[in-house]
Amino acid sequence: IGILHNAQGSYTEQICRNDTVTIFGEQFFFGKPTGSITRNNQAANGCDSTIAVSITFYLDAIGTFDTTVCDNQTVTLYGQTFSISDSTGSFKIPNIALHGCDSFLTVNVHFIPEVRATYTPTICRKDSIRVGTQVFTVNNPSGVVRLTGQSVAGCDSVVTVALNINPTILLDFT
């Protein structure tokens, strides 16, 4: 009497961490990467076949994005907007890493505050001073001017203007 042996085989595959492989109806994934499947009477000799399954996983693509912008600006990455009130976060970007796997990105946005200054020149009554696009005179002696992109860092500057007007000098030659 000849004894027929069951067939033995193996199946290995490397997949993304969030993917699933289905073999003869049995699923293998990150939480269940190994196992055995028995196929009754499926070997060439009519005996059972056993398949040892081993799934390995590509490493996650993990990155950090650090940037600095002006405090009145926002940064939008893959549909997520970061502002001075929401400047950090982490999120998944589906299917863009090597092998079509997901990427995970941590974002840190730093903000440069606008520069604030006060300008208080002294002028004669008939003179004027221009700050940005605004003209200041005896009839318009004060105001606030935003100078877009004019700070050293390229951010906005805000100048509070308050003119000092020289008094009129009256001379009496009598």
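Position labels on residues start from 1 in each chain and follow its written sequence. For this predicted model, a pLDDT threshold of at least 70 governs which residues receive local features, and a threshold of 80 or more governs which side-chain atom pairs are given and counted, while totals over whole chains, interfaces and linings are taken from all residues. The side-chain numbers reported here are obtained from all heavy atoms of the structure, hydrogens and water having been left aside.

(A) Here's a closer look at the pattern of salt bridges. Throughout this description, the term salt bridge denotes a Lys or Arg side-chain nitrogen within 4 Å of a carboxyl oxygen of Asp or Glu. Within this structure, the stated rule accounts for seven salt bridges. Across the salt bridge formed by Lys92 and Asp102, the nearest N and O atoms sit 3.7 Å from each other. In this pair, Lys92 is assigned in strand β9 (residues 88–93) and Asp102 in the loop between β9 and β10 (103–112), connecting sequence segments ten residues apart. Relative accessible area decides the class of each residue, using a 1.4 Å probe on protein chains only: under 20% of the type maximum gives buried, over 50% gives exposed, and in between gives partly exposed. Classification of Lys92 by relative accessible area gives partly exposed; the value is 43%. The residue Arg146 makes a salt bridge to Glu114 at a minimum N-O spacing of 2.8 Å. Of the two residues, Arg146 sits in strand β15 (residues 142–147) while Glu114 sits in the loop between β10 and β11 (115–119), which places them 32 residues apart along the sequence. On the accessibility criterion, Arg146 (44% relative accessible area) is partly exposed. Only DSSP runs of H or I covering at least 4 residues are called helices, and only runs of E covering at least 2 are called strands; the numbering of each starts at the N terminus.

(B) Main features of the state of the cysteines. Counting rule for disulfides: a pair of cysteine sulfur atoms within 2.5 Å. For the structure on display, the rule yields two disulfides. The partner cysteine of Cys16 in its disulfide is Cys101, sulfur to sulfur 1.8 Å. Judged by the sign of its S-S torsion, about -85°, the bond between Cys16 and Cys101 is left-handed. With Cys16 in the loop between β1 (7–15) and β2 (21–23) and Cys101 in the loop between β9 and β10, the pair connects residues that are 85 residues apart, well separated along the chain. You can call Cys101 buried: its relative accessible area is 6%. Disulfide partner of Cys70: Cys155, at an S-S distance of 2.0 Å. Taking the torsion about the sulfur-sulfur bond, which here is approximately -90°, the covalent link between Cys70 and Cys155 counts as left-handed. Of this pair, Cys70 sits in strand β6 (residues 61–70) while Cys155 sits in the loop between β15 and β16 (157–162), and the two are 85 residues apart along the sequence. On the basis of relative accessibility, which here comes to 8%, the residue Cys70 falls in the buried class. Here the cysteine-cysteine linkages of the protein chain are recorded as 1-3, 2-4, numbering only bonded cysteines and doing so in sequence order.

(C) Region of interest: a nonpolar patch on the surface. Candidates for patches are residues over 30% relative accessible area with no salt bridge; among them, like charges are joined within 9 Å and nonpolar side chains (Val, Leu, Ile, Met, Phe, Trp, Tyr) within 5 Å. Working definition of accessibility: Shrake-Rupley area with a 1.4 Å probe, residue cover restricted to the visible protein chains. Together, Ile169, Leu171 and Phe173 make up an exposed nonpolar region whose accessible area comes to about 440 Å². With respect to the helices, strands and loops of the structure, Leu171 is situated in the segment after β17 (164–165).

(D) Examining the side chain of Ser49 more closely. Among the secondary structure elements, Ser49 is positioned in strand β5 (residues 49–57). Here a polar contact is taken to be a pair of N or O atoms separated by no more than 3.5 Å, where protein atoms must pair a possible hydrogen donor with a possible acceptor and residues adjacent in sequence count only if both atoms sit in side chains. Within the structure, the side chain of Ser49 is placed 3.2 Å from the backbone nitrogen of Ala43, a separation counted as a polar contact.

(E) Representation of the packing of aromatic side chains. Stacked, tilted and edge-to-face are the three classes applied to pairs of Phe, Tyr and Trp rings, where Trp contributes its six-membered ring and a pair requires centres within 6.5 Å; stacked means planes under 30 degrees apart, edge-to-face means over 60, and tilted covers the rest. Within this structure, the stated rule accounts for two aromatic pairs. If you follow Lys32 out to its NZ or CZ, it ends over the ring of Phe28, 4.9 Å from the centre. Put simply, a charge is over a ring when the Lys NZ or the Arg CZ is close to the ring centre, within 6 Å, and near the line of the ring normal, within 35 degrees. The residue whose ring lies beneath Arg39 is Phe24, and the NZ or CZ to ring-centre distance is 4.1 Å.

(F) Spatial organisation of the sheet that holds β1. Should DSSP find at least two bridges between two strands, the strands are regarded as paired. Pairing is mixed in the open sheet, where three strands are placed in the order β1-β5-β4. Edge positions in the sheet fall to β1 and β4 (34–39), since each of these pairs with one other strand and no more. In this sheet, adjacent strand axes meet at a mean angle of 20° when their direction is disregarded. With nine bridges joining them, β1 and β5 adopt parallel strand pairing. Bridged to Ser10 within β5 is Ala52. Orientation is described by axes fitted as lines to C-alpha atoms, over the contacting stretch for helices, and by angles from 0 to 180 degrees between their N-to-C directions.

(G) Geometry of the side chain of Thr50. Position of Thr50 among the secondary structure elements: in strand β5. Every residue pair with non-hydrogen atoms within 4.5 Å of one another is taken to be in contact. Beyond its immediate chain neighbours, meaning those up to four positions away, Thr50 contacts Ala7, Gln8, Gly9, Ser36, Ile37 and Thr38.

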